[in-house]
Every structure is written in C-alpha cells, then in structure tokens.
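Chain residues, written in single-letter form:
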Amino acid sequence: MQVTLQPPTPFDQSILWRFHDAYFGARGIDAWNQGEVPFYSTSNYASARQHAGFLTDLVMSQLETGRLAEDQEIWILEVGSGLGRFAANFLRALEIACGPAGAEVFERVRYVLSDYSE
C-alpha cells in the first residue's frame, strides 16, 4: 500500500522541511558535534583535496581556452555547509596541496558558505 503524505511541494514548504527545521532548531551545532549528522565522508581532507584538484584542473583548462579571464574571480557556493569543515579543508588543499596552479586559483576564489535558508 502506498500512502501520499503530501503532493509534490517545494522543499521549503514541505512537511519534511518542517521536520528538518524543528530538528536543527532544537539540536543546533550539537547535531554535528555529537555525531548525529554524519559528515566525515564528505568533509575530510582527502575528499576536499580531490575536489580542489578538480577545480584547479578545470580552471587551468578554462584559462587555456580563453573561457576564463586571467584576472576573473572564481565564486564557489557551498550549500549545506554545516560546520564548514569541508570549506576549511578545501581551501587548505587548494592553497597547499595542488601546487603552484592551485595556489594561483586559491588567490582568485571567493567562497560563500550557506547552511540554512528558507
């Protein structure tokens, strides 16, 4: 038997949103600090380094083809950033682990964190 709780609805107007909103409103940052929200697999340094390497390669290829200007800023929006550990690891990896090309990209990156918004 299949039961429909709600017809297709934008997430921020859905029942699930209200559950998430109530949960994170009550638990706040403790949801991450006390291990209720798993995040290590997506926020660790090794994962961030892979993403930073991908971005470095992408930017270099866009520079070579002229699709990106030499002085153009690179904006990154992270949605659902939680504690911000991925961002910290990503930026560290970009600046240090991705060589001179990564360090150049690091200087142009403007990183925006977003975690909660209706």
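> Hey, could you go over a nonpolar patch on the surface for me, with residue numbers and the actual values?
Together, Trp75, Leu77, Val79 and Val112 make up an exposed nonpolar region whose accessible area comes to about 450 Å². It is strand β1 (residues 74-79) that contributes the most residues to the nonpolar patch, 3 residues altogether. Judged by relative accessible area, tryptophan 75 falls into the exposed class, the value being 60%.

> Explain the nonpolar core to me, using residue names and the numbers behind them.
Of all hydrophobic cores here, the largest spans 17 residues; its most connected members are Leu55, Val59, Phe90, Leu94, Val105, Val109 and Tyr111. Looking at this core, the elements that each hand over two or more residues are α4 (45-65), β1, α5 (85-97) and β2 (109-114). Excluding anything up to four places from it in sequence, valine 59 contacts Leu68, Ile74 and Val105.

> Tell me about the pattern of salt bridges, and name the residues and values.
Considering all chains together, one arrives at 2 salt bridges under this definition. Of the charged contacts, one joins arginine 27 and glutamate 36 as a salt bridge, the two residues approaching to 2.6 Å between their closest N and O atoms. Note on arginine 27: relative accessible area 25%, which makes it partly exposed. Taking the shortest distance from any N to any O, the salt bridge between glutamate 73 and arginine 110 comes out at 3.4 Å. Placement of the pair is glutamate 73 in the loop between α4 and β1 and arginine 110 in strand β2, with a sequence separation of 37 residues. Judged by its relative accessible area of 30%, arginine 110 falls in the partly exposed class.

> Describe the packing of α4 against α5, with residues and values.
Direction vectors running N to C along α4 and α5 enclose 55°, while the axes themselves pass 8 Å from each other. Of the possible angle classes, the one that applies to α4 and α5 is oblique. Between α4 and α5 the crossing geometry is right-handed. Counted together, Tyr45, Ser47, Ala48, Arg49, His51, Ala52, Leu55 and Thr56 of α4 and Phe86, Asn89, Phe90, Arg92, Ala93, Leu94 and Ala97 of α5 form the full contact between these two elements.

> I'd like a rundown of α5, residues and numbers included.
Within α5 the residues assigned to the buried category are Phe86, Ala87, Asn89, Phe90, Ala93 and Leu94. As for α5, its buried residues are in contact with α3 (40-43), α4, β1, α6 (99-108) and β2. Positioned one or two residues after α5, glycine 99 has a phi angle of 70°, which is positive.

Cut-offs and rules
Residues numbered from 1 in each chain as written. Predicted model: local features only at pLDDT ≥ 70, side-chain atom pairs only at ≥ 80, totals over all residues. Heavy atoms only, no water. Patch = residues over 30% accessible without salt bridge, like charges linked within 9 Å, V, L, I, M, F, W, Y side chains within 5 Å. Areas by Shrake-Rupley, 256 points an atom, 1.4 Å probe, with all protein chains shown as cover. Salt bridge = Lys/Arg side-chain N within 4 Å of Asp/Glu carboxyl O. Helix = DSSP H or I, 4+ residues; strand = E, 2+ residues; numbered from the N terminus. Buried < 20%, exposed > 50% of the residue type's maximum accessible area, 1.4 Å probe, protein only. Core = buried A, V, L, I, M, F, W, Y, C linked by side-chain atoms within 4.5 Å. Contact = heavy atoms within 4.5 Å. Axes fitted to C-alpha atoms, helices over the stretch in contact; angles between N-to-C directions. Parallel < 35°, antiparallel > 145°, perpendicular 65-115°, else oblique. Left-handed = near helix turned anticlockwise from the far one by under 90°.

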